[in-house]
Amino acid sequence: GPTKEYQRNAEFFKVITGRGKAVFKDGHVYDGDIKNGMLNGKGTFTWTDGTVFRGKFKNNEMTGEGKYEWTDGTTYQGQVKCGIRNGKGKYINPNEGFTYDGEWRNGVRHGKGKLTYQSGAYYDGEWEEGKKCGSGKFVYASGNYYEGKWLENKRHGKGTMFWKTTNEKYEGMWEKDLQCGFGTHIWLDKRGENKQLRNRYVGHWKDGKRHGQGTFFYANGSKYEGEWENNLKHGFGVFTFEDGNTYTGYFERDRMVSRTLAGVQVATVTAGIQNEDKIKSSIEDATKKPQTKGKKDKKDDKDKVDNAQKAKVMATMRARKEVEANPYKNLLDINDLTELERHPKEVLKEVQNIMLRYHSQMKVWYK
């Protein structure tokens, strides 16, 4: 390129100024603007491995707007400082299948930006030192999404997670990607969030499980309010049944320790099959054709009726046993609900028809 004299410390040198080409001893090549012998202005720098930068130079440094092109097809176009991504820019990596369009600092994602994956998933929000940090929204390939606070690439702080795949929604506090603190988890149905009766838990969480004080509202109208441990009712609480009856007392691993119904003390559910068999035997006796009774017979009949009430409670508890773990995934044995009816087979058939008519998931299966 053209040369001109350049004075430094009382000495004169001839330096290139203008458009020129420089070939370095290690094989790298620069082709572009030169001022006072230094790379200044627009130019193209090509490394020996085939990597190319096209853009602005200042005093031998790549600074300003430019574009990097790597031999594997990866590109970056945007602002650089001293050869490093800094400012706003778009990075495309076809081999790893992602694109980032946003702010950079010292070569890493920092500030606001959107990271899009080949699968269709994306994160749009704040970054710090290359990690998701601050407020942001992550949409998964399945359509599930989380919107809220992040810390070091994990959901952390207040946020909302919506699972489209299972129609569930959680809104509350998070810690290291798990529900932790106070929050509300709702099981939705296909009619949307405006449905009046739906399963809902409002309370405290730990390590992604119901833990501490909380209230579970069931879609059938029943409710539990009390203490939880590792997703199970455990400790003191109040269970209100759909018929309005209530149990106030202690729970142990999701089971009532004891319950009083209409003045009758009901055996602990955890007492085992032996007690249940005794109760069923009493029910069979109670349903036999009545004979002429004396005072003792009347007392026996009362005991048998009480035992029938006990059995109903136990059947109900078996049906409810694990429903709150995920009401849309657990199946109930309908026989548990019909075994005490006078004509169980007819009742069973009627229940099945009702479920086919009103259960949204079954409508999909049988339409």
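Read on for an overview of the structure. All values reported here derive from a predicted model rather than from experimental measurement. (Residues numbered from 1 in each chain as written. Predicted model: local features only at pLDDT ≥ 70, side-chain atom pairs only at ≥ 80, totals over all residues. Heavy atoms only, no water.)

For the rest of this paragraph, the subject is the overall build of the protein. For the protein, the helix and strand inventory stands at five helices and 25 strands. Among the 367 residues that make up the protein, the fraction classed as buried is 34%. Excluding contacts between residues fewer than 6 apart, the proportion of contacts in the protein whose partners are at least 24 apart in sequence is 12%. Accessible surface for the protein amounts to roughly 22,600 Å². Of this, 49% is attributable to carbon and sulfur atoms. (Helix = DSSP H or I, 4+ residues; strand = E, 2+ residues; numbered from the N terminus. Buried < 20%, exposed > 50% of the residue type's maximum accessible area, 1.4 Å probe, protein only. Contact = heavy atoms within 4.5 Å. Areas by Shrake-Rupley, 256 points an atom, 1.4 Å probe, with all protein chains shown as cover.)

Here we take up the packing of aromatic side chains. Across all of its chains, the model carries 36 aromatic pairs by this definition. One residue, Arg85, lies across the ring of Tyr76, its end atom 5.7 Å from the ring centre. In this arrangement the basic side chain of Arg210 is found over the ring face of Tyr201, its NZ or CZ atom lying 5.7 Å from the centre. (Phe/Tyr/Trp six-rings, centres within 6.5 Å; stacked < 30°, edge-to-face > 60°. Lys NZ or Arg CZ within 6 Å of the ring centre and 35° of its normal.)

Here we take up the pattern of salt bridges. Counted according to the given criterion, the structure contains six salt bridges. Two residues, Asp33 and Arg19, come together in a salt bridge whose shortest N-O distance is 3.3 Å. In this pair, Asp33 sits in strand 4 (residues 29-35) while Arg19 sits in strand 3 (residues 18-23), placing the two residues 14 residues apart along the sequence. Given the relative accessible area of 27%, Asp33 is considered partly exposed. With its nearest N and O atoms 3.0 Å apart, the salt bridge here joins Lys233 to Asp254. Residue Lys233 is found in strand 21 (residues 232-240), and its partner Asp254 is found in the loop between strand 22 (246-252) and strand 23 (255-256); the two are separated by 21 residues along the sequence. Accessibility assignment for this pair places Lys233 and Asp254 in one class, buried. Each of the salt bridges in this network shares a partner with another, and the network as a whole consists of Arg54, Lys67 and Glu69. (Salt bridge = Lys/Arg side-chain N within 4 Å of Asp/Glu carboxyl O.)

Another point: the pairing of strand 9 (residues 84-93). Where strand 8 (residues 75-81) and strand 9 come together, six bridges link them in antiparallel fashion. What sits directly across from Tyr76, in strand 9, is Tyr91. Here strand 8 folds back onto strand 9 in antiparallel fashion, the turn holding two residues, of which Cys82 has a positive phi close to 55°. In the sheet, strand 9 pairs with strand 10 (residues 98-105) via seven bridges, with the strands oriented antiparallel. Residue pairing across strands places Gly89 opposite Gly102, the latter belonging to strand 10. Connecting strand 9 to the antiparallel partner strand 10 that follows it, the hairpin turn spans four residues, and Gly97 within it adopts a positive phi of roughly 75°. (Pairing = 2+ DSSP bridges.)

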